[in-house]
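Spelled out from the first residue to the last, the chains are:
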Amino acid sequence: EPQSVLENEIRSIPSKPIVQTETQAEKTPNLINFDDLKIKGIGLDSSNKDLIKKIGKPQKTRNDGDSWNCLDSDTKTLFYRGLTVVVTEDEESKKYKINDIDISSSKFQLDSGIKIGDDINYVFSKVGKPYHQTKDKDLDEYHFMVSNNNDVSNDGGNVTFSVRQNKLVKIRWYYNFC
């Protein structure tokens, strides 16, 4: 029986998270609510048209063809100042849907109130503790799984909060298709 991407990711999580609270070790992973990551109501699975209607026309659009992902679907990358969005054509509807959002400017605040420049402890107060943390020189990355309707089997993607000197510098919310 096919398994969802999220179920496969849950199986690959270490038995004890690197960053955890006492109660969190028992209920791995801590899931972020899908709607908390949206920008002006726009998130993963939103249409390209809705993105442009709410955020505006991108500064640049790059046609990536079908080489960007393993889905063999036509893909485009939309560039804004401080925001990069990847959209992929849905084979059935032929409409472009968002599958990757990368935020690097405080201009694009999440609907939950989180924005670039926030202290990581404020972020944790909004979304809980991550299931995994990585460190690369002066950059800490905190990894979370996202739940659509608080259902582990309903894949809402993954999100990584990148932090430098305890301040949020980047947010990436994405589907891990392959």
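Fair warning: this is a prediction, and the values are worked out from it, not measured in the lab.

*Asks:* Could you clarify how one ought to interpret the environment of Asp36 in this entry?
*Replies:* Note on placement: Asp36 falls in the loop between strand 1 (31–33) and helix 2 (48–55). Along the chain, Asp36 and Lys126 lie 90 residues apart, while their C-alpha atoms are 9.0 Å from each other. With residues up to four places along the chain from it excluded, the contact list for Asp36 reads Leu110, Asp111 and Ser112.

*Asks:* I tried to follow unusual backbone geometry on my own but got confused; where do I start?
*Replies:* The phi torsion of most residues other than glycine is negative, and most of the peptide bonds are trans. Phi at Lys40 is positive, roughly 55°, even though this residue is not glycine. Using a relative accessible area of 52% as the deciding quantity, one classes Lys40 as exposed. Within the chain, Lys94 stands out as a residue other than glycine whose phi angle is a positive 65°. If you trace the backbone, Lys94 turns up in the loop between strand 4 (83–89) and strand 5 (96–103). Its relative accessible area of 49% is what places Lys94 among the partly exposed residues.

*Asks:* Explanation requested: the packing of aromatic side chains in the structure shown.
*Replies:* Working definition: an aromatic ring pair is given by the centre-to-centre distance plus the angle between the planes. One pass over the full model with this rule turns up 4 aromatic pairs. Ring centres 5.1 Å apart and planes at 75° place the aromatic pair Phe34 and Trp173 in the edge-to-face group. Linking Phe34 in the loop between strand 1 and helix 2 with Trp173 in strand 9 (residues 167–174), this pair joins segments that are 139 residues apart in sequence. No difference in accessibility class separates Phe34 from Trp173, as the two residues are buried. Between Phe124 and Tyr142, the aromatic rings sit 5.1 Å apart at their centres with planes inclined by 85°, giving edge-to-face as the arrangement. Taken together, the positions of Phe124 in helix 3 (residues 120–127) and Tyr142 in strand 7 (residues 139–147) put the pair 18 residues apart, joining distant regions of the chain. Look at Tyr142 and you get buried, because its relative accessible area is 7%. Over the ring of Phe79 we find Lys60; its NZ or CZ atom is 5.5 Å from the centre of that ring.

Definitions and cut-offs
Residues numbered from 1 in each chain as written. Predicted model: local features only at pLDDT ≥ 70, side-chain atom pairs only at ≥ 80, totals over all residues. Heavy atoms only, no water. Helix = DSSP H or I, 4+ residues; strand = E, 2+ residues; numbered from the N terminus. Contact = heavy atoms within 4.5 Å. Buried < 20%, exposed > 50% of the residue type's maximum accessible area, 1.4 Å probe, protein only. Phe/Tyr/Trp six-rings, centres within 6.5 Å; stacked < 30°, edge-to-face > 60°. Lys NZ or Arg CZ within 6 Å of the ring centre and 35° of its normal.

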